[in-house]
Amino acid sequence: MKAQVLKAYNEPYVFTDVPLPKITSPYDLLIKVEAASYCHTDTVCATGGFDGHANAPTQWPHIGCHEFAGTVADIHKPLAGSDSSVAPFQIGTRVGVPGRAFHPCGTCYECQRETPDYGQPSDSKGYSVYCPKAKNLGLSIPGGFAEYAVVDARQVAPLPAEMSAVDAAPLMCAGLTIYAALKNCQLQRGDRVAILGCGGGLGHLGIQFAEKMGLKVVGIDTSGPAVALSQRLATNSLIVNATKTTADDVVQIMGNEDGIVEQGRMGVDAAIILPESQAAFDYGMRLLKNWGTCVVVSFPTSGFVFSTQDIVFRHISITGSLVGSNAILREMLAFADEHGVKCVSQLFALSNLNDLVTRHHQGVEGKLIIDLSLATS
Ligand SMILES: [Zn+2]
Ligand SMILES: [Zn+2]
(Lines give C-alpha, C1' and ligand atoms only; values in the text may rest on other atoms or scores of the structure.)
(Ligands and ions follow the chains in the order given, each with its own letter.)
Protein backbone atom coordinates (compact mmCIF):
# COMPACT_ATOMS: atom_id res chain seq x y z
CA MET A 1 0.00 0.00 0.00
CA LYS A 2 1.01 3.64 -0.39
CA ALA A 3 1.95 5.57 2.73
CA GLN A 4 3.70 8.75 3.82
CA VAL A 5 6.53 7.73 6.15
CA LEU A 6 9.02 9.50 8.36
CA LYS A 7 12.46 7.87 8.27
CA ALA A 8 13.94 10.10 10.98
CA TYR A 9 13.06 13.18 13.03
CA ASN A 10 13.17 16.56 11.29
CA GLU A 11 13.02 15.09 7.79
CA PRO A 12 10.25 15.47 5.19
CA TYR A 13 7.72 12.69 4.75
CA VAL A 14 8.56 10.12 2.04
CA PHE A 15 5.72 8.85 -0.18
CA THR A 16 6.40 5.16 -0.68
CA ASP A 17 5.12 1.58 -0.76
CA VAL A 18 4.97 -0.28 2.56
CA PRO A 19 3.51 -3.69 3.51
CA LEU A 20 -0.19 -3.85 4.40
CA PRO A 21 -0.46 -3.79 8.23
CA LYS A 22 -1.54 -7.04 9.92
CA ILE A 23 -4.36 -7.73 12.35
CA THR A 24 -2.89 -9.24 15.54
CA SER A 25 -5.61 -9.07 18.21
CA PRO A 26 -9.32 -9.94 18.49
CA TYR A 27 -10.00 -6.21 18.80
CA ASP A 28 -8.26 -5.27 15.55
CA LEU A 29 -9.96 -3.80 12.53
CA LEU A 30 -8.23 -3.07 9.22
CA ILE A 31 -9.40 0.33 8.02
CA LYS A 32 -9.27 1.61 4.46
CA VAL A 33 -8.39 5.23 5.20
CA GLU A 34 -10.47 7.82 3.34
CA ALA A 35 -9.46 11.05 5.11
CA ALA A 36 -6.60 11.85 7.48
CA SER A 37 -6.36 15.16 9.30
CA TYR A 38 -3.17 16.97 10.34
CA CYS A 39 -2.76 18.03 13.97
CA HIS A 40 -0.13 20.22 15.66
CA THR A 41 0.86 17.09 17.60
CA ASP A 42 2.04 15.58 14.29
CA THR A 43 4.61 18.38 14.15
CA VAL A 44 5.64 17.70 17.76
CA CYS A 45 6.10 14.00 16.93
CA ALA A 46 7.95 14.58 13.63
CA THR A 47 10.42 16.97 15.25
CA GLY A 48 11.29 14.58 18.09
CA GLY A 49 9.22 16.38 20.73
CA PHE A 50 8.13 13.07 22.23
CA ASP A 51 11.57 11.42 22.05
CA GLY A 52 12.18 9.51 25.26
CA HIS A 53 8.46 9.51 26.13
CA ALA A 54 5.71 6.92 25.67
CA ASN A 55 4.32 8.76 22.63
CA ALA A 56 7.57 8.53 20.63
CA PRO A 57 7.52 6.25 17.57
CA THR A 58 8.51 2.69 18.45
CA GLN A 59 9.27 1.65 14.90
CA TRP A 60 10.84 3.30 11.85
CA PRO A 61 9.87 4.27 9.28
CA HIS A 62 6.95 5.87 11.15
CA ILE A 63 3.47 6.66 9.81
CA GLY A 64 1.85 9.67 11.50
CA CYS A 65 -1.76 10.88 11.89
CA HIS A 66 -3.99 10.26 14.89
CA GLU A 67 -7.28 11.57 13.53
CA PHE A 68 -8.71 9.85 10.51
CA ALA A 69 -11.79 8.17 9.07
CA GLY A 70 -12.50 5.34 6.67
CA THR A 71 -14.19 2.02 6.10
CA VAL A 72 -13.67 -1.34 7.81
CA ALA A 73 -11.85 -3.52 5.24
CA ASP A 74 -11.10 -6.57 7.40
CA ILE A 75 -12.02 -7.74 10.84
CA HIS A 76 -10.57 -10.25 13.31
CA LYS A 77 -12.77 -13.27 12.85
CA PRO A 78 -13.51 -14.11 16.55
CA LEU A 79 -14.96 -10.60 17.00
CA ALA A 80 -17.46 -11.02 14.20
CA GLY A 81 -20.87 -11.78 15.67
CA SER A 82 -19.56 -12.02 19.22
CA ASP A 83 -21.17 -10.09 22.04
CA SER A 84 -19.15 -6.94 22.51
CA SER A 85 -19.47 -3.62 24.28
CA VAL A 86 -18.41 -1.94 21.05
CA ALA A 87 -20.72 -1.53 18.08
CA PRO A 88 -20.87 -4.63 15.90
CA PHE A 89 -18.41 -3.59 13.23
CA GLN A 90 -18.62 -5.28 9.89
CA ILE A 91 -16.67 -5.03 6.68
CA GLY A 92 -17.94 -1.85 5.08
CA THR A 93 -18.82 -0.05 8.35
CA ARG A 94 -17.75 3.60 8.12
CA VAL A 95 -15.81 4.67 11.20
CA GLY A 96 -13.94 7.60 12.71
CA VAL A 97 -10.63 6.86 14.43
CA PRO A 98 -8.98 8.90 17.22
CA GLY A 99 -5.37 8.20 18.19
CA ARG A 100 -5.91 6.97 21.73
CA ALA A 101 -5.88 4.22 23.02
CA PHE A 102 -4.72 1.24 20.97
CA HIS A 103 -4.52 -2.04 22.90
CA PRO A 104 -4.89 -0.79 26.49
CA CYS A 105 -3.68 -3.32 29.08
CA GLY A 106 -7.16 -3.90 30.54
CA THR A 107 -5.87 -4.52 34.05
CA CYS A 108 -4.32 -1.29 35.36
CA TYR A 109 -6.03 1.23 37.66
CA GLU A 110 -7.14 3.34 34.68
CA CYS A 111 -8.51 0.39 32.71
CA GLN A 112 -10.37 -0.99 35.73
CA ARG A 113 -11.90 2.21 37.10
CA GLU A 114 -15.50 2.95 36.21
CA THR A 115 -15.79 6.42 37.74
CA PRO A 116 -17.13 8.82 35.14
CA ASP A 117 -14.93 11.84 34.45
CA TYR A 118 -16.65 15.08 35.50
CA GLY A 119 -20.03 13.42 35.19
CA GLN A 120 -19.23 12.25 31.67
CA PRO A 121 -19.99 8.67 30.69
CA SER A 122 -17.01 6.36 31.10
CA ASP A 123 -16.07 3.48 28.84
CA SER A 124 -16.64 -0.13 29.77
CA LYS A 125 -14.33 -1.72 32.29
CA GLY A 126 -11.08 -2.91 30.75
CA TYR A 127 -10.71 0.01 28.34
CA SER A 128 -9.34 3.45 29.14
CA VAL A 129 -7.90 6.21 26.98
CA TYR A 130 -5.70 7.02 30.00
CA CYS A 131 -4.10 3.54 30.15
CA PRO A 132 -0.36 4.23 30.50
CA LYS A 133 0.45 1.02 28.61
CA ALA A 134 -1.81 1.70 25.60
CA LYS A 135 -0.24 2.66 22.30
CA ASN A 136 -1.33 5.72 20.34
CA LEU A 137 -2.01 5.56 16.61
CA GLY A 138 0.16 7.92 14.59
CA LEU A 139 2.47 8.59 17.53
CA SER A 140 3.92 5.46 19.12
CA ILE A 141 2.60 3.17 16.33
CA PRO A 142 1.51 3.66 12.69
CA GLY A 143 -1.45 5.95 12.03
CA GLY A 144 -3.56 7.23 9.17
CA PHE A 145 -1.25 8.83 6.59
CA ALA A 146 -1.56 5.62 4.56
CA GLU A 147 -4.09 3.74 2.47
CA TYR A 148 -4.77 1.29 5.33
CA ALA A 149 -4.33 1.22 9.12
CA VAL A 150 -5.00 -1.32 11.88
CA VAL A 151 -7.09 0.17 14.70
CA ASP A 152 -8.62 -1.04 17.97
CA ALA A 153 -12.40 -1.62 17.68
CA ARG A 154 -12.87 -0.15 21.18
CA GLN A 155 -11.18 3.05 20.03
CA VAL A 156 -13.41 3.93 17.10
CA ALA A 157 -16.98 5.07 16.50
CA PRO A 158 -19.37 4.40 13.61
CA LEU A 159 -20.01 7.52 11.54
CA PRO A 160 -23.45 9.09 11.17
CA ALA A 161 -24.85 8.16 7.75
CA GLU A 162 -24.67 11.66 6.31
CA MET A 163 -21.20 12.55 7.64
CA SER A 164 -18.35 12.38 5.10
CA ALA A 165 -14.92 11.02 6.01
CA VAL A 166 -13.43 14.46 5.33
CA ASP A 167 -15.86 16.04 7.80
CA ALA A 168 -15.33 13.28 10.38
CA ALA A 169 -11.52 13.07 10.40
CA PRO A 170 -10.80 16.45 12.07
CA LEU A 171 -13.42 15.72 14.72
CA MET A 172 -11.38 12.70 15.89
CA CYS A 173 -8.76 14.76 17.76
CA ALA A 174 -9.60 18.47 17.43
CA GLY A 175 -13.37 17.97 17.72
CA LEU A 176 -13.23 15.39 20.50
CA THR A 177 -10.69 17.37 22.51
CA ILE A 178 -12.60 20.65 22.47
CA TYR A 179 -15.96 18.93 23.02
CA ALA A 180 -14.58 17.11 26.09
CA ALA A 181 -12.97 20.34 27.36
CA LEU A 182 -16.36 22.10 27.11
CA LYS A 183 -17.97 19.25 29.05
CA ASN A 184 -15.20 19.50 31.64
CA CYS A 185 -16.20 23.14 32.24
CA GLN A 186 -19.37 21.68 33.82
CA LEU A 187 -21.54 24.62 32.77
CA GLN A 188 -25.29 25.10 32.51
CA ARG A 189 -27.12 26.59 29.54
CA GLY A 190 -26.73 30.37 29.63
CA ASP A 191 -23.36 30.24 31.41
CA ARG A 192 -20.38 31.99 29.86
CA VAL A 193 -17.29 30.29 28.47
CA ALA A 194 -14.18 31.93 27.02
CA ILE A 195 -12.26 30.08 24.32
CA LEU A 196 -8.69 31.33 24.07
CA GLY A 197 -7.41 30.59 20.56
CA CYS A 198 -10.92 30.54 19.12
CA GLY A 199 -9.79 30.79 15.48
CA GLY A 200 -7.56 27.70 15.48
CA GLY A 201 -8.31 24.07 14.63
CA LEU A 202 -9.90 23.30 18.00
CA GLY A 203 -11.19 26.79 18.70
CA HIS A 204 -13.30 27.25 15.59
CA LEU A 205 -15.04 23.94 16.35
CA GLY A 206 -15.34 25.01 19.99
CA ILE A 207 -17.30 28.17 19.10
CA GLN A 208 -19.80 26.05 17.16
CA PHE A 209 -20.13 23.33 19.83
CA ALA A 210 -20.44 25.84 22.70
CA GLU A 211 -23.09 27.96 20.97
CA LYS A 212 -25.11 24.83 20.17
CA MET A 213 -24.78 23.75 23.83
CA GLY A 214 -26.59 26.96 24.76
CA LEU A 215 -23.54 28.66 26.25
CA LYS A 216 -22.63 32.32 25.88
CA VAL A 217 -19.24 32.32 24.15
CA VAL A 218 -16.40 34.80 24.36
CA GLY A 219 -13.86 33.94 21.66
CA ILE A 220 -10.35 35.34 21.99
CA ASP A 221 -7.60 35.30 19.36
CA THR A 222 -4.71 37.48 18.31
CA SER A 223 -4.42 37.30 14.51
CA GLY A 224 -6.67 39.05 12.03
CA PRO A 225 -7.52 35.92 9.98
CA ALA A 226 -8.29 33.89 13.14
CA VAL A 227 -10.58 36.62 14.45
CA ALA A 228 -12.25 36.93 11.03
CA LEU A 229 -12.86 33.15 10.82
CA SER A 230 -14.36 33.19 14.33
CA GLN A 231 -16.63 36.11 13.46
CA ARG A 232 -17.77 34.29 10.33
CA LEU A 233 -18.71 31.14 12.29
CA ALA A 234 -20.17 32.76 15.41
CA THR A 235 -23.86 33.54 15.47
CA ASN A 236 -24.13 35.16 18.90
CA SER A 237 -20.63 35.03 20.41
CA LEU A 238 -18.49 37.96 21.46
CA ILE A 239 -15.27 37.68 19.41
CA VAL A 240 -12.31 39.69 20.68
CA ASN A 241 -8.90 40.51 19.20
CA ALA A 242 -6.69 40.39 22.30
CA THR A 243 -4.11 42.66 20.68
CA LYS A 244 -6.72 45.44 20.60
CA THR A 245 -8.91 44.87 23.66
CA THR A 246 -7.70 44.12 27.18
CA ALA A 247 -9.16 41.35 29.34
CA ASP A 248 -10.39 43.98 31.83
CA ASP A 249 -12.29 45.74 29.04
CA VAL A 250 -13.91 42.45 28.01
CA VAL A 251 -14.92 41.81 31.64
CA GLN A 252 -16.48 45.28 31.71
CA ILE A 253 -18.43 44.55 28.50
CA MET A 254 -19.84 41.39 30.14
CA GLY A 255 -20.65 43.29 33.33
CA ASN A 256 -22.53 45.94 31.35
CA GLU A 257 -24.43 43.22 29.51
CA ASP A 258 -25.44 41.52 32.76
CA GLY A 259 -26.05 44.73 34.72
CA ILE A 260 -23.40 43.73 37.28
CA VAL A 261 -20.75 46.10 38.57
CA GLU A 262 -19.11 44.12 41.38
CA GLN A 263 -15.54 42.99 40.78
CA GLY A 264 -15.34 39.20 40.89
CA ARG A 265 -18.94 38.70 39.80
CA MET A 266 -18.37 40.01 36.28
CA GLY A 267 -16.80 37.72 33.69
CA VAL A 268 -16.91 34.17 32.37
CA ASP A 269 -17.73 31.02 34.33
CA ALA A 270 -15.05 28.99 32.57
CA ALA A 271 -12.10 29.65 30.27
CA ILE A 272 -10.51 27.10 27.94
CA ILE A 273 -6.83 27.65 27.14
CA LEU A 274 -5.83 26.34 23.71
CA PRO A 275 -2.66 28.35 22.82
CA GLU A 276 0.69 27.51 24.37
CA SER A 277 1.41 31.11 25.36
CA GLN A 278 1.53 32.46 28.91
CA ALA A 279 -0.20 35.62 27.64
CA ALA A 280 -3.23 33.55 26.59
CA PHE A 281 -3.31 31.80 29.97
CA ASP A 282 -3.09 35.14 31.84
CA TYR A 283 -5.79 36.68 29.64
CA GLY A 284 -8.11 33.73 30.30
CA MET A 285 -7.54 33.93 34.06
CA ARG A 286 -8.38 37.67 33.98
CA LEU A 287 -11.69 36.93 32.26
CA LEU A 288 -12.84 34.50 34.94
CA LYS A 289 -15.35 35.33 37.65
CA ASN A 290 -14.45 34.35 41.19
CA TRP A 291 -15.11 30.61 41.65
CA GLY A 292 -14.60 30.09 37.90
CA THR A 293 -12.83 27.20 36.18
CA CYS A 294 -9.80 27.39 33.93
CA VAL A 295 -9.56 24.31 31.65
CA VAL A 296 -6.06 23.89 30.23
CA VAL A 297 -5.76 21.94 26.96
CA SER A 298 -2.34 23.05 25.66
CA PHE A 299 0.85 21.75 27.21
CA PRO A 300 3.83 24.06 26.56
CA THR A 301 7.10 22.41 27.57
CA SER A 302 7.84 25.22 30.00
CA GLY A 303 4.34 24.98 31.54
CA PHE A 304 2.22 27.90 32.74
CA VAL A 305 2.76 30.21 35.72
CA PHE A 306 -0.38 30.86 37.76
CA SER A 307 -1.11 33.50 40.36
CA THR A 308 -1.69 32.25 43.90
CA GLN A 309 -3.92 35.34 44.31
CA ASP A 310 -6.23 33.87 41.66
CA ILE A 311 -6.53 30.45 43.25
CA VAL A 312 -6.51 31.51 46.92
CA PHE A 313 -8.32 34.87 47.02
CA ARG A 314 -10.58 34.34 43.99
CA HIS A 315 -10.98 30.56 44.28
CA ILE A 316 -10.32 29.90 40.60
CA SER A 317 -9.93 26.19 39.84
CA ILE A 318 -7.41 25.05 37.26
CA THR A 319 -7.93 21.70 35.60
CA GLY A 320 -6.72 19.93 32.47
CA SER A 321 -8.47 18.11 29.66
CA LEU A 322 -7.01 15.47 27.33
CA VAL A 323 -9.10 13.94 24.56
CA GLY A 324 -12.25 12.14 25.68
CA SER A 325 -13.54 8.63 26.30
CA ASN A 326 -15.01 6.51 23.51
CA ALA A 327 -18.45 7.23 24.99
CA ILE A 328 -17.81 10.98 24.63
CA LEU A 329 -16.53 10.41 21.08
CA ARG A 330 -19.88 8.87 20.14
CA GLU A 331 -21.82 11.62 21.92
CA MET A 332 -19.74 14.29 20.13
CA LEU A 333 -20.33 12.72 16.70
CA ALA A 334 -24.09 12.57 17.28
CA PHE A 335 -24.04 16.18 18.52
CA ALA A 336 -21.99 17.40 15.51
CA ASP A 337 -24.32 15.54 13.15
CA GLU A 338 -27.48 16.90 14.76
CA HIS A 339 -26.28 20.51 14.93
CA GLY A 340 -24.23 20.64 11.74
CA VAL A 341 -20.91 21.39 13.46
CA LYS A 342 -18.29 21.32 10.71
CA CYS A 343 -14.62 21.96 10.35
CA VAL A 344 -13.33 24.62 7.97
CA SER A 345 -10.76 22.69 5.96
CA GLN A 346 -8.39 22.57 3.02
CA LEU A 347 -7.85 19.25 1.24
CA PHE A 348 -4.65 17.68 -0.10
CA ALA A 349 -3.82 14.40 -1.87
CA LEU A 350 -1.90 11.81 0.16
CA SER A 351 1.08 12.34 -2.15
CA ASN A 352 1.14 16.03 -1.16
CA LEU A 353 1.54 15.70 2.61
CA ASN A 354 4.74 17.76 2.62
CA ASP A 355 2.90 20.62 0.90
CA LEU A 356 0.25 20.36 3.61
CA VAL A 357 2.93 20.58 6.32
CA THR A 358 4.45 23.68 4.68
CA ARG A 359 1.00 25.26 4.57
CA HIS A 360 0.45 24.34 8.24
CA HIS A 361 3.59 26.18 9.27
CA GLN A 362 2.51 29.27 7.34
CA GLY A 363 -0.52 29.48 9.63
CA VAL A 364 -3.94 28.56 8.31
CA GLU A 365 -7.60 28.85 9.12
CA GLY A 366 -9.25 25.65 10.32
CA LYS A 367 -7.71 22.28 9.51
CA LEU A 368 -5.63 20.72 6.73
CA ILE A 369 -6.78 17.29 5.65
CA ILE A 370 -5.52 14.50 3.40
CA ASP A 371 -8.38 13.34 1.17
CA LEU A 372 -7.47 9.85 -0.09
CA SER A 373 -9.96 10.20 -2.95
CA LEU A 374 -7.80 12.93 -4.53
CA ALA A 375 -5.49 11.64 -7.26
CA THR A 376 -1.76 11.36 -6.64
CA SER A 377 0.09 14.28 -8.17
ZN1 LIG B 1 -4.20 15.85 17.77
ZN1 LIG C 1 -4.40 -0.17 31.36
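Criteria and cut-off values
Residues numbered from 1 in each chain as written. Chains lettered and ligands numbered in written order. Predicted model: local features only at pLDDT ≥ 70, side-chain atom pairs only at ≥ 80, totals over all residues. Heavy atoms only, no water. Helix = DSSP H or I, 4+ residues; strand = E, 2+ residues; numbered from the N terminus. Rg over C-alpha atoms; globule rule 2.2 N^0.38 Å. Buried < 20%, exposed > 50% of the residue type's maximum accessible area, 1.4 Å probe, protein only. Contact = heavy atoms within 4.5 Å. Areas by Shrake-Rupley, 256 points an atom, 1.4 Å probe, with all protein chains shown as cover. Donors = N, O, S within 2.8 Å, 3.2 Å for Na, K, Ca; no water. Domains from an automatic or database assignment. Buried area = accessible area lost by both parts, 1.4 Å probe. Salt bridge = Lys/Arg side-chain N within 4 Å of Asp/Glu carboxyl O. Polar contact = N/O pair within 3.5 Å; in protein donor to acceptor, adjacent residues only side chain to side chain. Nonpolar A, V, L, I, M, F, W, Y, C, P; charged D, E, K, R; others polar. Pairing = 2+ DSSP bridges. Right-handed = clockwise from strand over helix to strand, strands pointing away. Phe/Tyr/Trp six-rings, centres within 6.5 Å; stacked < 30°, edge-to-face > 60°.

### Quick look at the overall build of the chain
On a plain count of helices and strands, the chain comes out with eleven helices and 15 strands. Since a compact globule built from 377 residues should have a radius of gyration of about 21 Å, the 21 Å found for the chain is in line with a globular shape. Overall, the C-alpha framework of the chain stretches about 65 × 45 × 40 Å when taken along its three principal axes. Expressed as a percentage of its 377 residues, the buried residues of the chain come to 55%. Taking the contacts inside the chain whose residues are at least 6 apart along the sequence as the reference set, 73% of them involve residues at least 24 apart. When the accessible area of the chain is evaluated, it comes to approximately 16200 Å², of which 52% is carbon and sulfur surface.

### Considerations on the coordination of the zinc ion (ligand 1)
Cys39 (SG), His66 (NE2) and Cys173 (SG) make up the full set of protein donors to the zinc ion (ligand 1), lying at 2.0 to 2.2 Å. Counting the intervening residues between successive donors of the zinc ion (ligand 1) yields the motif C-x26-H-x106-C. With histidine 66 in the loop between helix 1 (40–46) and strand 4 (67–75) and cysteine 173 in the loop between helix 3 (165–168) and helix 4 (174–184), the pair connects residues that are 107 residues apart, well separated along the chain. On the accessibility criterion, cysteine 173 (11% relative accessible area) is buried.

### Describing the domain arrangement of the chain
According to the domain assignment, the chain contains domain 1 (2–173 + 324–371) and domain 2 (177–320). The interface is formed by 21 residues belonging to domain 1 together with 21 residues belonging to domain 2. Across the domain 1 to domain 2 interface the summed buried area is about 1900 Å²; carbon plus sulfur atoms make up 61%. Linking glutamate 331 and lysine 183 is a salt bridge whose minimum nitrogen-to-oxygen distance equals 2.7 Å. Run the count over domain 1 and domain 2 and you get five residue pairs in polar contact (both at pLDDT 80 or more). The leading source of residues in the side of domain 1 that touches domain 2 is helix 10 (residues 326–339), at six residues. When grouped by side-chain class, the residues that make up the side of domain 1 that touches domain 2 number eleven nonpolar, six polar and four charged.

### Examining helix 4
Counting buried residues along helix 4, ten of its eleven residues qualify, which places the element largely inside the surrounding structure. For helix 4, the complete set of buried residues consists of Ala174, Gly175, Leu176, Thr177, Ile178, Tyr179, Ala180, Ala181, Leu182 and Asn184. Just downstream of helix 4, glutamine 186 is the residue with a positive phi angle, here 50 degrees.

### A short note on the pairing of strand 10 (residues 238–241)
Of the pairings in the sheet, the one linking strand 9 (residues 216–221) to strand 10 comprises four bridges and is parallel in character. Among the inter-strand pairings, aspartate 221 is bridged to a residue of strand 10, identified as asparagine 241. The handedness of the strand 9 to strand 10 crossover, carried by helix 6 (residues 224–233), is right-handed.

### Focus on the coordination of the zinc ion (ligand 2)
For the zinc ion (ligand 2), the protein coordination sphere consists of Cys105 (SG), Cys108 (SG), Cys111 (SG) and Cys131 (SG), at 2.3 to 2.4 Å. Positions of the donor residues of the zinc ion (ligand 2) along the chain correspond to the pattern C-x2-C-x2-C-x19-C. Of the two residues, cysteine 105 is situated in the loop between strand 5 (94–98) and helix 2 (109–112) and cysteine 131 in the loop between helix 2 and strand 6 (148–152); the sequence distance between them amounts to 26 residues. Its relative accessible area of 27% is what places cysteine 105 among the partly exposed residues. Under the relative-accessibility criterion, cysteine 131 is labelled buried at 4%.

### As for the packing of aromatic side chains
A full pass over the atoms with the stated rule returns seven aromatic pairs. Centroid distance tyrosine 38 to phenylalanine 145: 6.3 Å. Interplanar angle 20 degrees. Geometry classified as stacked. Of the two residues, tyrosine 38 sits in the loop between strand 3 (28–37) and helix 1 while phenylalanine 145 sits in the loop between helix 2 and strand 6, which places them 107 residues apart along the sequence. For the residue pair tyrosine 38 and phenylalanine 145, the accessibility class agrees, reading buried in each case. For the ring pair tyrosine 179 and phenylalanine 209, a centre distance of 5.2 Å and an interplane angle of 70 degrees mean the geometry is edge-to-face. Remark: phenylalanine 209 occurs in helix 5 (residues 201–212) and tyrosine 179 occurs in helix 4; sequence separation between them is 30 residues. Residue tyrosine 179 is classed as buried on the basis of its relative accessible area, which comes to 2%.

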